Structure formats: C-alpha cells, structure tokens
Amino acid sequence: MTQRKVRVRFAPSPTGALHIGGVRTALYNYLFAKQNGGDLILRIEDTDSQRFVPGAEAYIIEALTWLGIKFDEGVGFGGEYGPYRQSERRDIYKKYVDQLLDAGCAYIAFDTPEELDAKRKEIPNFQYDASTRMQMRNSLTLSEEEVKSLIDAGNQYVVRVKIEPDENIHVNDLIRGEVIINSSILDDKVLYKSADQLPTYHLANIVDDHLMEVTHVIRGEEWLPSAPLHVLLYRYFGWEDTMPRFAHLALLLKPEGNGKLSKRDGDRLGFPVFPLEWHDPKSGEVSSGYRESGYLPEAVVNFLALLGWNPGNDQEVMSMDELIHSFDLSRCSKSGAKFDYEKGKWFNHHYIQAMDNKEAAALFMPILESHGVKADPAYVEKVVAMMKDRATFIKDLWDLCSFFFIAPTEYDEKTRKKRWKEDSAAQLAELIEVLRAREPFDIEGTEEEVKAWIESKGYHLGNIMNATRLALVGEGKGPHIFDITEALGKEESIRRIQRAIDKLSIDN
C-alpha cells in the first residue's frame, strides 16, 4: 500500500476566544506535520449556528499567526480541498446523510424537545439508543407513509446514527494504545438537523477528514468518547482503509487542586488562559491575553510544548525548529499536565535574556513613549543591554530603569536615612570635581580613579558608593555605579549628584 502524505488538521469552533489548551493542540498538530513533511489544515467547524460568535474566527487566525503556527491550507490560506468552513459545505454533507439512511445505518427521528423531556422523566438516565429507540417517534417505528407525510408537512426532524448494541469497538490511539469500548454504552447521536440543514460535529468531522485526506487526528482527550462513533462511521461509509490514526492529548489541569484548567483559574491566580486579549462582543467582558500581558511568542510555544510532552532528555529551552526535530507523539503523557504558570514566566525571562538588544529596545520604545519619554534608540539599546537580564517582561524595564530617562526629583526616604550620612554632601561635592576632571569618562578608568581618590582621602568606599547611587537613581537600586555614570554621561551624572547635595542638605 502506498504511504500517504501526512495531513493533519486543527478544527476549532468560532464560539469565542481560543483557550490555551486549544493552542497546544494546534501546536502539536503543527510539530507533527512539519516533522513528517506533511500539511497542516485550518478548518473552521461552525455548524452550530447558535453558538457562533462574531470575530472569533479572525481571532483564532491572528493568535496562531502570532505564535508562528503556520498553516499550509485552510480558512484564510486557500487550498484544493475547500471550502474549509463547514457552514459552506452543507450541500456536501446531505449526500452522506442520505447514504447512511439508504444503508440502514441511520434513521429519521421526529421527537420534539417536550417528548424527549417526558421520556427523561419516565426513564432514569435515559439514553436514545437500541434499548429505547423503538419507544420513540422515528422512522423505525413509523411507516414510510407517516414519515413522508411528516416531512412534507414541514415537521422538523433529526437524523440519528443507528448503533447496534454489544459490540466491542477498537480505537487504536497513538498515545493511549488500544482502547476498547462496548457499543451498548453509546447513544444514537444526532448527525443532521433539518432545522438548519446542517450536520452535527460527528458527521461533518468524519466526512471532512475523509474528503480532505486527513491521515492523523490529534485532538484533546475530551473527544475520546466520540472516537468509537467515528470508527463506526468510517466503517458504515466503507472508508476503513483511509481512517486516520487517532491521538488524544491529555488535559491541561488547574495549577492547584483537580480538574481542567479554566478561565476562572487564570482570573483568580493572575495569568491569561487565552493567547490574545479577548473582547466578548456579547457581554463586553475583556479577558487578558499572553501577547498583551507581555509574553514573547517563542516563550509561549516553548512553555506549551512541554506541558504534557517531553523530548526524552533534560532540555527545556527549545526553539521551534528544535521542537519540530524532537517531537514524538509516543512521548506525550496519558495523564493531565498541571498548568505551571510560573514556569511560563521563567521561559519569558529566559527569552528576554537571549533576545537581541536592538530588538528588545524596539519593544521597549512604545513603553517609554507612553510615559512621555523620547529617547535616542542607541541610548535605549545601551540601557536595555544593561537591564534586560532582570526583566520577566519587557514592560518590567520601566520600573527597573526609568531613572536612566528621568532624573530623580524625590529620594526614597528609607534609603536616604540609611545611606545619606552627615558628611555625604561634602564628600560628593569633592567627587563632582574628580568626575569633572576625568577624561575619558569611561567605566573602567573612571572607577579606578574614583576608588583611588576615596583611598587617598581615607573615606569609606561603601558610604560614598551608596550615597552616589541614591543621588543618581533616587533609591538603592540599579546596576553597577559606573555603568550608570557612563550611560548618563559626565554632565548628567554631575547634575544629578549636585541636585541631591542641594536637596538632601536642606532636608537634613
């Protein structure tokens, strides 16, 4: 048999913001496709018109583009297997609904919501299946004439799959191995609704995967209960030879306690669960996103890749190319992965450290401008190079190094009491003269000359340095003193020291 080209798909529903668990599913599909020289398809599963949310589709595409998850075909990307929105494929599905009906693998059901509710009250744990369907109003219990009459009269109906009881269905899962489920626990799922002339997920999913020649279905474990039905549908259609291989990914779990990660967890603990900020068009609620919170896309990808998968060694920091090279579905965990959001911050810190200084400075410039600061890009780059190792997010740089751009006018009271001594003003006045005479005003030479002056005078090195830091920064923080003076320049350094002498002498 000829080996088929690997084709996988990410098929979200446009019902709101894309959850971070969905992002991980898209990422794993992408890694698997690229490692195997295959294609990744973006299919939008929008057959549930009542749950459709305007803007969700564009949000999904923008989020995955930001993360560097690239599609080979699909909505927004084109391709030979379109259309890729299920709502645009309704004519295609009807043919397959009729095929199942003609083969006796499905039947038409006219039960109203009220009739179904009544049956649920009558039968505890009611399920529409082989044990109950002959009690219901459907084409198995009605004559052909009655069925035709009801349809001609405009009665709404659904088409249900007909599942025969007591059959062991084998699902060969690339992560979980062989899963055997008895058909008696399955219900006769609805495959098609006359109300909107659209299929449900179960039918559309199977037909599209077959027609789009999907070879592997990599999705969340919440879809595992659907897998036996999908295996049966492939058999009913006679498509066993082209049935894709399944791989069901374990859930992302709450950071604390048990259960699936939810937006409430993020709100409670202060981390995003969506890739981009989401503005709910119905409620107006705004939910935080990784991009707007200051995460780098490389950090998010690296963090997510290792939630439920490992490369088989101790390597943690991995580029997209390294992830593609190492990815192996057999190394995906069968149990859920705790969502360690602090680890996500760790990754972001690492990627900021590794980032090119010019690139980091360009990201910092809008933050400076938002604080009314206009600075030379070369100067910003120099400051960022000194300070980015201390930042978890680019936005942290403002609190870390705003003093490089705005001279202090106030001085931290706690630091002043501890670091500004009785003789600080007189000693720093002398220091000004040493700095004024220094040429060139470099780091090493200036430091050497200042320390020689302190030693010759018998002053206390720590007292001088601490008072100088307070004068330059306004508090007891910042990098090496002479890195600061070199960046500020001679005139600005002297100006700041003189201002501290004048102000702190009066205050004392």
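Residues numbered from 1 in each chain as written. Predicted model: local features only at pLDDT ≥ 70, side-chain atom pairs only at ≥ 80, totals over all residues. Heavy atoms only, no water.

Our next topic: the packing of aromatic side chains. This model, assessed by the stated rule, comprises 22 aromatic pairs. Where tyrosine 379 meets phenylalanine 405, the ring centres are 5.5 Å apart and the plane angle is 80 degrees; that geometry is what we call edge-to-face. Highlighted residues: tyrosine 379 in helix H13 (residues 377–387) and phenylalanine 405 in the loop between helix H14 (396–401) and helix H15 (413–419), separated in sequence by 26 residues. Exposure remark for phenylalanine 405: the relative accessible area of 16% places this residue in the buried category. Ring pairs connect the aromatic residues Tyr96, Tyr234, Phe237 and Trp239, which therefore count as one cluster. We note arginine 7 situated over the ring of tyrosine 81; from NZ or CZ to the ring centre the distance is 4.2 Å. Positioned over the ring face of phenylalanine 393 is lysine 395, at 5.3 Å from the centre of the ring. (Phe/Tyr/Trp six-rings, centres within 6.5 Å; stacked < 30°, edge-to-face > 60°. Helix = DSSP H or I, 4+ residues; strand = E, 2+ residues; numbered from the N terminus. Buried < 20%, exposed > 50% of the residue type's maximum accessible area, 1.4 Å probe, protein only. Lys NZ or Arg CZ within 6 Å of the ring centre and 35° of its normal.)

Overall, antiparallel pairing links the four strands, which are arranged S4-S5-S8-S9 in an open sheet. In this open sheet, the two strands that pair with only one neighbour each are strand S4 (106–109) and strand S9 (198–199). In this sheet, S9 lies alongside strand S8 (residues 190–193) in antiparallel orientation, the contact comprising two bridges. Looking at the pairing, lysine 193 lines up with leucine 198 of S9. Contacting S4, strand S5 (158–161), S8 and S9, helix H3 (residues 90–102) crosses the sheet at an angle of about 105 degrees to S4. (Pairing = 2+ DSSP bridges. Contact = heavy atoms within 4.5 Å. Axes fitted to C-alpha atoms, helices over the stretch in contact; angles between N-to-C directions.)

If you trace the backbone, proline 272 turns up in the loop between helix H8 (263–269) and strand S13 (278–279). Since its relative accessible area comes to 4%, proline 272 is described here as buried. Once you skip the residues sitting within four places of it in the chain, proline 272 turns out to touch Ser288, Gly289, Tyr290, Ser293 and Tyr295.

Time to look at the nonpolar core. Within soluble globular proteins, side chains that are nonpolar tend to cluster in buried spots. With 155 residues, the main nonpolar core has Phe339, Phe364, Phe404 and Phe405 as its most contacted residues. A total of nine residues in this core trace back to one element, the largest contributor, which is helix H1 (residues 20–35). The residues contacting phenylalanine 405, other than those within four sequence positions of it, are Phe364, Leu368, Val373, Ala375, Tyr379, Val380 and Val383. (Core = buried A, V, L, I, M, F, W, Y, C linked by side-chain atoms within 4.5 Å.)

A separate point is the pairing of strand S2 (residues 39–42). A two-sided burial pattern is seen for S2, the buried positions comprising Asp39 and Ile41 on one face and Leu40 and Leu42 on the other. Read as a crossover between parallel neighbours, the route from strand S1 (residues 7–10) over H1 to S2 is right-handed. Inspection of the sheet shows S2 paired to strand S3 (residues 73–74) by two bridges, in the parallel sense. The residue bridging isoleucine 41 from the neighbouring strand is glutamate 73, located in S3. (Right-handed = clockwise from strand over helix to strand, strands pointing away.)

Attention now goes to the UniProt feature "short sequence motif: 'HIGH' region" (unreviewed entry) in the protein. Feature annotation in UniProt places "short sequence motif: 'HIGH' region" (unreviewed entry) on residues 12–22, given in this structure's numbering. Counting secondary structure, residues 12–22 comes out at 27% helix and 0% strand; the distance between its end C-alpha atoms is 8 Å. (UniProt positions renumbered as here; feature names shortened; annotations may be inferred.)

At the junction of glycine 82 and proline 83, the peptide bond is cis and its omega measures out at 0 degrees in the coordinates. Looking at the secondary structure, you find proline 83 in the loop between S3 and H3. Note that the residue after glutamate 439, namely proline 440, is joined by a cis bond; omega there is 0 degrees. Examined against the element boundaries, proline 440 turns out to sit in the loop between helix H16 (424–437) and helix H17 (443–457). You will see that aspartate 166, though not glycine, has its phi angle at about 60 degrees, which is positive. Relative to the helices and strands, aspartate 166 is located in the loop between S5 and strand S6 (168–173). The class for aspartate 166 is exposed, based on a relative accessible area of 61%. We note that glutamate 213 has phi near 55 degrees; this positive angle belongs to a residue other than glycine. A relative accessible area of 39% means that glutamate 213 is categorised as partly exposed.

Our next topic: the packing of H13 against helix H19 (residues 481–488). In contact at an axis separation of 11 Å, H13 and H19 are set at 175 degrees when each is read in the N-to-C sense. One way to sum up the angle between H13 and H19 is to call them roughly antiparallel. Contact residues: H13 offers Tyr379, Lys382 and Met386, while H19 offers Asp483, Glu486, Ala487 and Leu488. (Parallel < 35°, antiparallel > 145°, perpendicular 65-115°, else oblique.)

So, on to the sheet that holds S1. With parallel pairing, the three strands of this open sheet are ordered in space as S1-S2-S3. What marks the edges here is a single partner per strand, and that holds for S1 and S3. Contacting S1 and S2, H1 runs over the sheet at an angle of about 165 degrees to S1.

Among the secondary structure elements, arginine 89 is positioned in the loop between S3 and H3. Excluding anything up to four places from it in sequence, arginine 89 contacts Tyr81, Gly82, Pro83, Asp208, Leu211 and Met212.

Now for H17. Across its 15 residues, H17 extends 21 Å between first and last C-alpha, which sits within 8% of the 21 Å expected from 1.5 Å per residue. Where H17 is buried, its residues touch H16, helix H18 (461–473) and H19. Capping the start of H17, aspartate 442 holds a side-chain oxygen 3.3 Å from the backbone nitrogen of glycine 445, two or three residues further along. (Expected span 1.5 Å × (residues − 1). Polar contact = N/O pair within 3.5 Å; in protein donor to acceptor, adjacent residues only side chain to side chain.)

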